[in-house]
Amino acid sequence: MNTVTRPRILVVGAGFAGVGCVRRLERRLSPNEADVTLVTPSAYQLYLPLLPQVASGVLTPQSIAVSLRRSRRYRTRIIPGGAIGVDLKAKVCVVRTVTDRIVEESYDYIVMAPGSVTRTFDIPGLTDHAFGMKTLAEAAYIRDHVITQLDLADASEDPAERAARLQFVVVGGGYAGTETAACLQRLTHAAVKRYPRLDPSLIKWHLIDIAPKLMPELGDKLGRAAQEVLTRRGIEISLGVSIAKAGPEEVTFTDGRVVPTHTLIWTAGVVASPLMATLGAETVKGRLAVTPEMCLPGYDGVFALGDSAAVPDLAKDDGAVCPPTAQHAMRQGRRVAENVIATLRGEPMRPYEHRDLGLVVDLGGTDAVSKPLGVELHGLPAQVVARGYHLGALRTNVAKTRVATNWLLNAIAGDDFVRTGFQARKPAKLKDFEYTDAYMTPEQVREHVERGAGAGTGQP
Ligand SMILES: Cc1cc2nc3c(=O)[nH]c(=O)nc-3n(C[C@H](O)[C@H](O)[C@H](O)COP(=O)(O)OP(=O)(O)OC[C@H]3O[C@@H](n4cnc5c(N)ncnc54)[C@H](O)[C@@H]3O)c2cc1C
């Protein structure tokens, strides 16, 4: 007979926030104090800030996918799947496993950290024709796709097809879009030398944003420095511009320009995971509204953090919430673990507070801009800071070594231009990668849990 009465802590999402929380719980709680379970569709924690470097082939996908089972000390039970709804009253989380089974997981404490998904707008053709830059599969796919365009352009005798295949559009002038455009432009610039039939001047990268500046959080001087680097490399930057519609072979900008292209990369911001909407609780622009202790008011034992929660930014006194960055998510993960432990032990919780350390933006090669602790850097010093920061922030020594070795190899041997074809002929646009339609409505969750009452913990 199962007589376990330990409190059950359920963590949803194995990103910066979720893994930060789980590792702290494992370290600070004795195995007899609580059972910790993690729901995650993937078996790794993805180091998203280096995703553009996977897309450009500087890093292998494996190097930024940090294993959740690296150490024998990790004792958390992992359910391979995604949470598709949570009934806060019944304290049950509904999970769709990776084999598409629906199971219910009861909890005493839940920590919600499912991150965010790509923010899209009602632009005709966008979700059918754009790629995102949010998952490892997308980054790997985009790399193959870009090399495919070079291969097809090289093989084509049709000048119009060549021109279209060699134009690339990135939407979003934040750090994700800027790094993506910068890293991929370097890839095509290096690759085209291996295609003697292709005229390098036909390769055109467009970086567009509806905002009047690139990366406004960097300030005017560094934003301009980044813009100069990109312009020098031939990337055409259009500010105050978005896209009006997207098709399979062309993109129409809001200023009326029609750009023939087969490559539209959409990195115009993120919104909280749709899981948050299944709770029927208050949200701020889609992020769950929580207290500075990261608790959901009115519910015992419910915590949320990272990109999916609106955590008050106590370091600023203007009522702001923390921006959706890895820097905050990993620190919130550790604080939330301490708060769960405090609740469990009947001790007081502490609020989350962290002063922003700044931003690092790797534009490839020796080009970078960074603003560590308010100090503005560009060029090589900024690159040293950027890469040093990433090496420090990667969780395991194996991941640090893989990334450092990849950088070294790339600096010595240059890029390689292998098209792997692993995902060829698979649907691979925005709507195919992020599974945003997998979630239940609050009513469906309630109905499902009531119907399944007594089923207890499901076995995936
Ligand atoms: C290209 C790019 C570059 C970036 N660069 C920087 C940078 O330089 N500096 C910086 O600070 N930030 C950067 N960010 C932002 C940063 O990566 C995020 O803010 C951070 O990842 C948020 O952490 P999180 O734990 O909330 O979410 P994530 O790290 O996204 O983790 C969420 C996890 O939850 C899982 N999940 C999703 N849905 C479910 C579900 N329903 N059930 C269970 N699990 C689920 C996901 O698979 C994922 O593992 C970048 C982001 C991108 C996309």
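The rules we used
- Residues numbered from 1 in each chain as written.
- Predicted model: local features only at pLDDT ≥ 70, side-chain atom pairs only at ≥ 80, totals over all residues.
- UniProt positions renumbered as here; feature names shortened; annotations may be inferred.
- Axes fitted to C-alpha atoms, helices over the stretch in contact; angles between N-to-C directions.
- Helix = DSSP H or I, 4+ residues; strand = E, 2+ residues; numbered from the N terminus.
- Left-handed = near helix turned anticlockwise from the far one by under 90°.
- Contact = placed C-beta atoms within 7 Å.
- Nonpolar A, V, L, I, M, F, W, Y, C, P; charged D, E, K, R; others polar.
- Near = placed C-beta within 6 Å.
- Domains from an automatic or database assignment.
- Pairing = 2+ DSSP bridges.
- Buried ≥ 20, exposed ≤ 12 C-beta atoms within 10 Å, placed from the backbone.
- Right-handed = clockwise from strand over helix to strand, strands pointing away.
- Core = buried A, V, L, I, M, F, W, Y, C linked by C-beta atoms within 7 Å.
- pLDDT = per-residue confidence, 0-100.
- Expected span 1.5 Å × (residues − 1).

If you check an unreviewed UniProt entry, the protein appears there as NAD(P)/FAD-dependent oxidoreductase from Streptomyces anandii. The protein has a UniProt comment under Sequence similarities (unreviewed entry) that states "Belongs to the NADH dehydrogenase family."

Okay, the packing of helix 4 (residues 136-155) against helix 6 (residues 175-191) next. In a pair of packed helices, the angle between the axes and the distance between the axes together describe the arrangement. It is at 11 Å that the axes of helix 4 and helix 6 come closest, and there the two elements cross at 30 degrees. Crossing of helix 4 over helix 6 shows right-handed handedness. Along the contact surface, helix 4 presents Val146, Ile147 and Leu150, while helix 6 presents Leu184, Leu187, Thr188 and Ala191. Looking at the contact of helix 4 with helix 6, its residues break down into six nonpolar, one polar and no charged.

A few words on the site of the ligand. Close contacts around the ligand come from 34 residues, with Gly13, Gly15, Gly115, Gly306 and Thr325 the closest. Sorting the residues of the shell around the ligand by element identifies helix 1 (16-28), strand 2 (35-40), helix 2 (51-55), strand 5 (77-87), helix 6 and helix 8 (326-344) as the ones contributing at least two each. Within the shell around the ligand, the residues separate by chemical class into 20 nonpolar, 12 polar and two charged. Two domains each donate at least three residues to the shell around the ligand, and these are domain 1 (8-118 + 271-355 + 435-451) and domain 2 (126-268 + 358-428).

Put simply, an interface is often sized by how much accessible area is lost when its parts join up. The assigned domain composition of the protein is domain 1 (8-118 + 271-355 + 435-451) and domain 2 (126-268 + 358-428). A straight line from the C-alpha centre of domain 1 to that of domain 2 covers 29 Å. At the junction of the two partners, domain 1 supplies 24 residues and domain 2 supplies 28 residues. At the level of elements, strand 3 (44-46), helix 2, strand 4 (65-67) and strand 9 (116-118) are the ones that each hand at least two residues to the side of domain 1 that touches domain 2. With five residues, helix 2 is the single largest residue contributor to the side of domain 1 that touches domain 2. Looking at the side of domain 1 that touches domain 2 residue by residue, the class counts come to 15 nonpolar, eight polar and one charged.

The subject of this paragraph is the sheet that holds strand 23 (residues 368-370). Reading across the sheet, the three strands line up as 22-23-24 and stay open at both edges, with antiparallel pairing between neighbours. Strands at the two margins of the open sheet, each flanked by one partner only, are strand 22 (360-362) and strand 24 (377-378). Of the pairings in the sheet, the one linking strand 23 to strand 24 comprises two bridges and is antiparallel in character. Residue pairing in the sheet places Ser370 in a bridge with Leu377 of strand 24. Docked against the sheet, helix 9 (residues 380-393) engages strand 22, strand 23 and strand 24, running at close to 75 degrees with respect to strand 23.

Next up on the list: the pairing of strand 2. Summarising burial for strand 2: five of the six residues are buried, a large majority. Summarising the sheet, strand 1 (residues 8-12) and strand 2 pair through five bridges and their orientation is parallel. What sits directly across from Leu10, in strand 2, is Thr37. Regarding the hand of the β-α-β motif, the stretch spanning strand 1, helix 1 and strand 2 is right-handed. In the sheet, strand 2 pairs with strand 5 via four bridges, with the strands oriented parallel. Across the sheet, Thr37 pairs through a bridge with Arg77, a residue of strand 5.

In this section: the nonpolar core. Counting 73 residues, the largest nonpolar core has Val54, Ala226, Trp266 and Val361 as the members making the most contacts within it. Here the element with the most residues in this core is helix 4; it accounts for nine residues. Formed jointly, this core draws a minimum of three residues from each of two domains, domain 1 (8-118 + 271-355 + 435-451) and domain 2 (126-268 + 358-428). In this structure Trp266 touches Thr118, Leu126, Ala130, Phe131, Gly132, Val171, Gly172 and Leu430, once residues within four positions along its chain are discounted. Membership of the second largest hydrophobic core comes to 57 residues, among which are Leu68, Val86, Val94 and Tyr109.

The next point concerns the confidence of the model for the protein. Summing up the model confidence of the protein, the mean pLDDT is 93 and the portion of residues at 70 or higher is 97%. Below a pLDDT of 50 lies the segment residues 454-459, which in the model reaches eight contacts outside its immediate sequence neighbourhood of four places, other chains included.

A word on unusual backbone geometry. For residues besides glycine, phi is generally negative; the peptide bonds are generally trans as well. For Lys91, which is not a glycine, the phi torsion comes out positive at approximately 60 degrees. You can see Lys91 is positioned in the loop between strand 5 and strand 6 (92-97).

Next up on the list: the sheet that holds strand 10 (residues 167-171). Pairing is parallel in the open sheet, where four strands are placed in the order 12-11-10-16. Strands at the two margins of the open sheet, each flanked by one partner only, are strand 12 (236-239) and strand 16 (263-266). In this sheet, neighbouring strand axes are inclined to one another by 15 degrees on average, regardless of whether the strands run parallel or antiparallel. Here four bridges tie strand 10 to strand 16, and the two strands are oriented parallel to one another. Considered in strand 16, the bridge of Val169 is made with Leu264.

The positions UniProt marks with the feature "domain: FAD/NAD(P)-binding" (unreviewed entry) are residues 8-333. In residues 8-333, the share of helix is 27% and the share of strand is 27%. The end C-alpha atoms are 18 Å apart.

Turn by turn, an α-helix covers 3.6 residues, leaving residues three or four places apart pointing in a common direction. Between the first and last C-alpha of helix 1 there are 18 Å, a value that for 13 residues agrees with the 18 Å anticipated at 1.5 Å per step. Buried residues along helix 1 sit against strand 1, strand 2, strand 3, strand 8 (109-112) and helix 8.

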